[in-house]
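A structural walkthrough
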Amino acid sequence: MKEGPVVACEHCATLHERMPIEPRAIATCTCCGYVLYRRSSVSLNGWIALVVAALLVFAIANYFPIAILNLQGMTVQASLPEALWLTWRQGHLLLAVMTGMFAFWLPLMQLMFVLWALLSIQSGRLPGDFRYGMRFLHWIAPWSMVPVLMLGVIVALVKFSSLAKLSIGPGLWAFGVLTFMLTGLSRVTAHRLWRYAEDAGLVQAPHPNLSPGRVVASCSSCGYVQNIKPGTEACRCERCHARMHRRKPNPVSRVWALIITASIVYIPANILPVMRLRTAVGESAHTILGGVIELWQLGSWDLAVIVFVASVVVPMTKLLALMVLMVNRHWRGSTVQRQRTRLYELIEFIGQWSMLDVFVVILLTAMADFPGVSQIIAGPGAASFGFVVILTMFAAMSYDPRRGWDQQPHALEAGALQSPASSTSGQIAPGRTQS
Ligand SMILES: [Zn+2]
Ligand SMILES: [Zn+2]
């Protein structure tokens, strides 16, 4: 019987045979426990319907105001595009571009590229530039931050409720629905779309030669496992033509450089004001910690805790966890490696949530736009904070968890392909092959 396509674990490089699993089941790596692939109960048509719906909700969320605010007879209708435009006009170009990318353009492009890919797969004919589209989708996916924006909207509304009267606009409900839809759609990754195309027979499925002496590597962009020349560290993927590395290059200097830069930028991010409140009586500057205290005093202790965790605990944890991963990288043993893999998963998971305060500032800018009476202006701390988030995300991306597993004594044993562990079916077979 012909073996199924080969899939490599992204965290430890163990090769597995991609076997059919039951709907809603998850196939995990037998070595490190990382999720290899899932099967949802949603069909291709179901995903298409969900993306179309999400695009409609996206339009509603951005067209209609999130909130309608009243102060001394003046009315402001705050929406996200308006907030971005105001921040731009106030001269905070970097901040406006950063937020515009993460909260508007990249989520929109992600939806459009997923829809295009799903429609192409369903039609049974892939366009010639499918691989470029999928490379782009793989690249932008971690930077699409609508759920973080949604939390930012809630925090901004609570903060603003102390300044003026406000009523909720239809944009807010749309953002709430969109958050759920995009969380579901985040499962439709570029790798998954390639697997759909493999299953439909539209692209070559990975069946590398695994005989002893052959070297295999997987493309991080499309997941294609292929033979490479022994001794090769970097080449082009045979299937998607992306630049691929057997292991990410220069991880030590790269990750340390990013950690150190992020730690340095983290200082102005906390000392400089993230926003200024200008009223008829004067101007006051607010730092991130000041904002947390203010929320606490407003009686929203739950939001104060959330903002504190997102803005202080998460970036610190990320930096410390990356340092731990870098410092103890010479420790051996599969238990240590499994713990390192869990720690790395945590860093990947919390990656974007520290962007919360930056979004809050942008939204408050749009809400409190009552010139001469009350105005909120973004401060230099906000852009610094955004840079800390970007730098730590790049640091996490430059780290290669497979290098730790390479040092395992059993890592180079040749053997049969692994069958992944599945949450509902599947058995663990003995023997393993490493790429
Ligand atoms: Zn693994
Ligand atoms: Zn590829």
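Before reading on, note that the structure itself is shown above.
Just so we're clear, the structure is a prediction, and the values are computed from it rather than from any experiment. Every chain begins its residue count from 1, and numbering advances along the sequence as written. Lettering of chains starts at A and numbering of ligands starts at 1, both following the order in which they are written. Only residues with pLDDT of at least 70 are given local features in this predicted model, and only at 80 or more are side-chain atom pairs given and counted; all residues enter the totals for whole chains, interfaces and linings.

**Things to note about the overall build of the chain**
A run of H or I in DSSP becomes a helix once it reaches four residues, and a run of E becomes a strand once it reaches two; helices and strands are each numbered from the N terminus. Within the chain, the secondary structure is distributed over 14 helices and 16 strands. Here the globule rule is a power law, 2.2 Å times the number of residues to the power 0.38, and the radius of gyration is based on C-alpha atoms. At 24 Å, the chain has a C-alpha radius of gyration in line with the 22 Å of a compact globule built from 435 residues. For the C-alpha atoms alone, the extent of the chain along its principal axes is close to 80 × 50 × 35 Å. Partly exposed residues are those falling between the two cut-offs: more than 12 but fewer than 20 other C-beta atoms within 10 Å of their own, whereas 20 or more means buried and 12 or fewer means exposed, with C-beta atoms placed from the backbone. Scored against the burial criterion, the 435 residues of the chain give a buried share of 43%. Placing a C-beta atom from the backbone of each residue, one calls two residues in contact when those atoms lie within 7 Å. Contacts in the chain between residues far apart in sequence, at least 24 positions, make up 69% of those at least 6 positions apart.

**Some words on the nonpolar core**
Nonpolar cores are identified as sets of buried Ala, Val, Leu, Ile, Met, Phe, Trp, Tyr and Cys residues joined via C-beta atoms within 7 Å. Within the largest apolar cluster, 124 residues are counted, with the highest numbers of intra-cluster contacts made by Ala54, Leu178, Leu356, Phe359, Leu363, Leu364 and Met367. Among the elements that make up this core, the one with the highest residue count is helix 3 (residues 93–123) (11 residues). Once residues within four sequence positions are removed from consideration, Leu356 is found in contact with Val148, Leu151, Gly152, Val155, Val307, Ala310 and Ser311.

**Focus on the sheet that holds strand 13 (residues 282–286)**
As summarised here, the arrangement of the 4 strands in space is 13-12-15-14, forming an open sheet in which the pairing is antiparallel. If you trace the sheet from one side to the other, it starts and ends with strand 13 and strand 14 (369–370), each paired once. In this description, strands pair whenever DSSP reports at least two bridges between them. Relative to strand 15 (residues 374–378), strand 12 (residues 275–279) is paired through 5 bridges, and the arrangement is antiparallel. For Arg278, the partnering residue across the bridge sits in strand 15 and is Gln375. Orientation is described by lines fitted to C-alpha atoms, with helices fitted over the stretch in contact, and by angles between N-to-C directions that extend from 0 to 180 degrees. Here helix 12 (residues 356–367) sits on the sheet and contacts strand 12, strand 14 and strand 15; the angle it forms with strand 15, its principal contact strand, is near 150°.

**Some remarks on the pairing of strand 12**
On a regular strand, one side chain projects to one face of the sheet and the next to the other, so that they alternate. In the sheet, strand 12 pairs with strand 13 via 5 bridges, with the strands oriented antiparallel. Bridge pairing in strand 13 links Thr279 to Gly282.

**A few points about the sheet that holds strand 7 (residues 165–168)**
The strand order across the open sheet formed by 3 strands is 6-5-7, and the pairing between neighbours is antiparallel. Of all strands in the sheet, those with a lone pairing partner are strand 6 (74–78) and strand 7, marking the two edges. The average undirected angle you get between the axes of adjacent strands in this sheet is 20°. Alignment of strand 5 (residues 67–71) against strand 7, held across 4 bridges, turns out to be antiparallel. By the bridge assignment, Ala67 is partnered in strand 7 with Ile168.

**What about the environment of Ser162?**
Secondary-structure assignment places Ser162 in the loop between helix 5 (146–160) and strand 7. For Ser162, a count of 12 C-beta atoms within 10 Å gives the class exposed. The sequence separation of Ser162 and Leu298 amounts to 136 residues, and the corresponding C-alpha distance is 7.6 Å.

**What to know about the packing of helix 10 (residues 301–327) against helix 13 (residues 380–398)**
Contact geometry for helix 10 and helix 13: axes closest at 11 Å, N-to-C directions at 30°. When the axis of helix 10 is compared with that of helix 13, the two are roughly parallel. Two packed elements cross with a definite hand, and for helix 10 against helix 13 that hand is left-handed. Along the contact surface, helix 10 presents Pro315, Lys318, Leu319 and Leu322, while helix 13 presents Val388, Thr392, Ala395 and Ala396. All residues other than Ala, Val, Leu, Ile, Met, Phe, Trp, Tyr, Cys, Pro, Asp, Glu, Lys and Arg, Gly among them, are scored as polar; the first ten of these are nonpolar and the last four charged. Here the residues of the contact of helix 10 with helix 13 are counted per class, giving 6 nonpolar, 1 polar and 1 charged. Roughly parallel means an angle under 35 degrees; roughly antiparallel, over 145; roughly perpendicular, 65 to 115; everything else is oblique. For any helix crossing, the convention is left-handed if the near helix is rotated counterclockwise from the far helix by under a right angle, and right-handed if that rotation is clockwise.

**Quick notes on unusual backbone geometry**
One non-glycine residue, Arg24, lies in the positive phi region at around 70°. Note that Arg24 resides in the loop between strand 2 (15–17) and strand 3 (26–28). One non-glycine residue, Gln72, adopts positive backbone phi at about 45°. Inspection of the secondary structure puts Gln72 in the loop between strand 5 and strand 6.

**Side note on helix 11 (residues 334–350)**
To estimate the expected span of a helix, subtract one from its residue number and multiply by 1.5 Å. Taking 1.5 Å per residue, 17 residues should reach 24 Å; helix 11 reaches 24 Å between its end C-alpha atoms and fits that length. Among all positions of helix 11, only Gln337, Arg340, Thr341, Tyr344 and Ile347 are buried. Across the axial projection of helix 11, the buried residues extend over an arc of 120°, all falling on one side. Exposed residues lying more than 90 degrees from the buried face of helix 11 are Thr335 and Phe349. Buried residues belonging to helix 11 abut helix 10, helix 13 and helix 14 (402–406). The reported arc concerns the directions from the helix axis to the C-beta atoms and nothing else.

**A closer look at the packing of helix 4 (residues 130–140) against helix 7 (residues 190–199)**
Two elements in contact, helix 4 and helix 7, have axes separated by 9 Å at closest approach and are oriented at 150°. It follows that helix 4 is roughly antiparallel to helix 7 by the angle criterion. Mapping the contact onto sequence places Met134, Leu137 and His138 in helix 4 and Ala190, Leu193 and Trp194 in helix 7. Residues of the contact of helix 4 with helix 7, tallied by class, amount to 5 nonpolar, 1 polar and no charged.

**Some remarks on helix 2 (residues 80–89)**
Inspection of helix 2 places Leu80, Ala83, Leu84, Leu86 and Thr87 among the buried residues, and these make up the whole buried set. On an axial view of helix 2, the arc spanned by its buried residues comes to 165°, and they lie on one face. In helix 2, the exposed positions that point more than 90 degrees away from the buried face belong to Pro81 and Arg89. Those residues of helix 2 that are buried are in contact with helix 1 (44–63), strand 6, helix 3, helix 12, strand 14 and strand 15.

Shape descriptors only; they carry no functional weight alone.
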